[in-house]
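Listed below are the residues making up each chain.
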Amino acid sequence: GDLDQEKMLADMFVKVGDDSVQVLKTHLKEESSADEWKGALHKLKGSSAQIGANALSALCLKAEKAEGPSESEKMALLAEIEVGYQKVKEFFKIRQV
């Protein structure tokens, strides 16, 4: 119920989220290591779980546990994650009016 604390948490979540999504996108463009892909997913999964964004956390877990996904599978997973992430950002934007 504390909007100042919620804003602080939202700001931290968005910072971590933006960074993580960028790492995922860069991974697809530059074929960086699988560890970078999984690390970004793990970070976003944890951040999502901490704020109660369980659907996004579950998507990240699904992508993190995928064994040797192809580039097209990674693209599909990233698209799902981006949609979920945008929904959480929109929720915080509405709450912070």
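Every value quoted in this text rests on a predicted model; they were computed, and no experiment measured them.

Chemist: Would you mind showing me how to read the nonpolar core here?
Modeler: Side chains of nonpolar character tend, in soluble globular proteins, to be buried together. By size, the foremost hydrophobic cluster in this structure holds 20 residues, and its most contacted members are Phe13, Leu44, Leu56 and Ile81. Of all elements in the fold, only helix 1 (3–30), helix 2 (34–51), helix 3 (54–65) and helix 4 (71–95) reach the threshold of two or more residues within this core. The leading source of residues in this core is helix 4, at six residues.

Chemist: Before we go on, may I ask you to explain the environment of Ser47 in this structure?
Modeler: Turning to its location among the elements, Ser47 is positioned in helix 2. Taking the C-alpha atoms as reference points, Ser47 and Met12, 35 residues apart in sequence, are found 8.9 Å from one another. With residues near it in sequence (within four places) discarded, Ser47 still touches Phe13 and Val16.

Chemist: Can you help me understand the pattern of salt bridges in this one?
Modeler: Evaluation of the coordinates by the stated rule reveals six salt bridges. The salt bridge involving Lys89 is made with Asp18; its shortest N-O contact spans 3.3 Å. In this pair, Lys89 is assigned in helix 4 and Asp18 in helix 1, connecting sequence segments 71 residues apart. Between Lys62 and Glu80 there is a salt bridge; the shortest N-O distance is 3.5 Å. Taken together, the residues span a long stretch of sequence, with Lys62 in helix 3 and Glu80 in helix 4 at a distance of 18 residues. Given the relative accessible area of 34%, Glu80 is considered partly exposed.

Each value, and the rule that gives it
Residues numbered from 1 in each chain as written. Predicted model: local features only at pLDDT ≥ 70, side-chain atom pairs only at ≥ 80, totals over all residues. Heavy atoms only, no water. Core = buried A, V, L, I, M, F, W, Y, C linked by side-chain atoms within 4.5 Å. Buried < 20%, exposed > 50% of the residue type's maximum accessible area, 1.4 Å probe, protein only. Helix = DSSP H or I, 4+ residues; strand = E, 2+ residues; numbered from the N terminus. Contact = heavy atoms within 4.5 Å. Salt bridge = Lys/Arg side-chain N within 4 Å of Asp/Glu carboxyl O.

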